[in-house]
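# Architecture and fold: a report
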Amino acid sequence: MEERKHRDIGALLRGGFAQVDHWYMEDEAFFHREVGEDIPLAPRDLWESEEWREFPEDLSFPGFDRVCFVDGKARIHVRILYRTSVLLLAEVAASWVQWERGKGLSFGFSPSSPPSFARVLGAGEELALRAVVEHPEIDLGMGMVFRLEETRRGARIFADTEVARQAILNVMQRLEREEVRRLLDRRIPVVKDGTIHLIDPPTFIPGVGPCGLVKGVEELRLPREWLESLLRLPRGRRTPAVVGFLRQDRTDVLRVFSYVRLVEDPAFPWKGLVRLEVVVPGEQFPVLRSDITRLFDGLAQVLPELTGDYPWRRLPENLFPIIALEERLRQHFAPSGFVQELVQRVLWEKNPSSVWERLEE
């Protein structure tokens, strides 16, 4: 006999010994690093120079006067323990900010036109929640509805991080991709904070990109013998562009990347190193090769102007426009204590004693 579905996830949780994790504290940092297997490098005849030590002596293209930066932000409000599994309630926002020389910053959202936004209930697919509820969401009241997002892939940050966190990251990446796609017609460089996500179809527009800005570069995706040359890179200079296959199966999509030094401090050779990335269809690479060089050159001259070398909010790698964007996005999130209180009410709705009755059965 087929099991009767629950009305929504709130009803399911009330019948499944769910509780708010009372040890969990608000986690807004939401770090994510692309770690794992190295991306296989493409043949050297695709690289910008045969010998990687032959750094470009002069950047061939002047710096840009305008750049758009895209970023997403997530706040995990509640960690719910459901039987032996973990669910996470989070709010996610994404948008963009434009920097223009001599004019400063202008944001891509306002009170009347808010950023891309989602309320997410992250879970692993092994729970099969969609199969046992009629409405895959949890309604906390007051218009706060968190919709289910499931994934089977574990987050690749730390070994003990829940799959539920990866589900939230998936939503944030989708919002960022949509923001990037909307900006491509503006015909100015588009820089997305973090590794560049694959836009379908793979897209590179001369003078636009989009371009990923990777701030944690310990995973080099480079032969180890090039490390010394990388760490000696001067401020405002970039390495030759290196080409790798986007996927391990070597399908015909290429990731082209170059490292840029934002600040120079001999005592801290890793400080201020970031990686620029673009994705391009393999058959278009010969035609777009010089355009990729110009994009990297222009950004290498602009990005060092947009940061500072002092201990504040992950500087110098976290650029001033991105810091400003993150601060504005953060204002759209509800207080975590308020969300936790609403979740507690939903879990104990109508009959708080029902938990003890179930335990006695």
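I will try to describe carefully the structure that is included in this document. (Residues numbered from 1 in each chain as written. Predicted model: local features only at pLDDT ≥ 70, side-chain atom pairs only at ≥ 80, totals over all residues. Heavy atoms only, no water.)

## Structural notes on the packing of aromatic side chains
Counting across every chain of the model gives four aromatic pairs. Plain terms: the ring middles of Phe257 and Tyr259 are 6.3 Å apart, the flat faces sit at 85 degrees to each other, and that makes the pair edge-to-face. Since its relative accessible area comes to 2%, Phe257 is described here as buried. Given the relative accessible area of 0%, Tyr259 is considered buried. Directly above the aromatic system of Phe107 lies the positively charged group of Arg328, at a separation of 4.1 Å from the ring centroid. (Phe/Tyr/Trp six-rings, centres within 6.5 Å; stacked < 30°, edge-to-face > 60°. Buried < 20%, exposed > 50% of the residue type's maximum accessible area, 1.4 Å probe, protein only. Lys NZ or Arg CZ within 6 Å of the ring centre and 35° of its normal.)

## Let's talk about the pattern of salt bridges
Across all of its chains, the model carries 25 salt bridges by this definition. One salt bridge connects Arg314 with Glu326, and the closest N-O pair in it is separated by 3.7 Å. With Arg314 in the loop between α5 (285-302) and α6 (320-330) and Glu326 in helix α6, the pair connects residues that are 12 residues apart, well separated along the chain. For Glu326, a relative accessible area of 8% corresponds to the buried category. The salt bridge partner of Glu341 is Arg345, with a shortest N-O separation of 3.5 Å. Here the residue Glu341 and the residue Arg345 both occupy positions in helix α7 (residues 336-347), the gap between them amounting to four residues, near one helical turn. A network of salt bridges, in which partner residues are shared, links Glu48, Arg238 and Asp297. (Salt bridge = Lys/Arg side-chain N within 4 Å of Asp/Glu carboxyl O. Helix = DSSP H or I, 4+ residues; strand = E, 2+ residues; numbered from the N terminus.)

## Let's talk about the pairing of strand β6 (residues 116-124)
In terms of residue burial, β6 counts as a mostly covered element, since seven of its nine residues are buried. Summarising the sheet, strand β4 (residues 85-100) and β6 pair through seven bridges and their orientation is antiparallel. Within β6, the position partnered with Ala90 by the bridge is Val120. Where β6 and strand β9 (residues 145-151) come together, five bridges link them in parallel fashion. Bridge assignment links Leu121 to a residue of β9, and that residue is Leu148. (Pairing = 2+ DSSP bridges.)

## Considerations on α5
Here α5 contains 18 residues, and its C-alpha end-to-end distance of 25 Å stays within 8% of the 26 Å for a straight helix at 1.5 Å per residue. Looking at α5, one finds that the buried residues are Phe285, Leu288, Asp291, Ile292, Thr293, Leu295, Phe296, Asp297, Gly298, Leu299, Ala300 and Val302. (Expected span 1.5 Å × (residues − 1).)

## A few points about unusual backbone geometry
Residue Pro210 is bonded to the preceding Gly209 through a cis peptide linkage, with omega at 10 degrees. Residue position: Pro210 is located in the loop between β10 (190-193) and β11 (211-214). The linkage connecting Leu315 with the following residue, Pro316, adopts the cis geometry, with an omega of 5 degrees. One non-glycine residue, Arg83, lies in the positive phi region at around 55 degrees. Its place among the elements puts Arg83 in the loop between β3 (66-82) and β4. Take Arg83: its relative accessible area is 56%, and that puts it in the exposed class.

## Details of the environment of Val133
Tracing the chain through its elements places Val133 in strand β7 (residues 133-135). For Val133 and His6, which are 127 residues apart along the polypeptide, the C-alpha to C-alpha distance reads 4.6 Å. If we ignore the near neighbours within four places in the chain, the residues touching Val133 are Lys5, His6, Asp8, Ile9 and Leu12. (Contact = heavy atoms within 4.5 Å.)

## Considerations on a negative patch on the surface
Together, Asp45, Glu50, Glu51 and Glu54 line one region of the surface with negative charge. Within the secondary structure layout, Asp45 lies in the loop between β2 (19-20) and β3. (Patch = residues over 30% accessible without salt bridge, like charges linked within 9 Å, V, L, I, M, F, W, Y side chains within 5 Å. Areas by Shrake-Rupley, 256 points an atom, 1.4 Å probe, with all protein chains shown as cover. Lys, Arg positive; Asp, Glu negative; His and termini not counted. Charge placed at Lys NZ, Arg CZ, Asp CG, Glu CD.)

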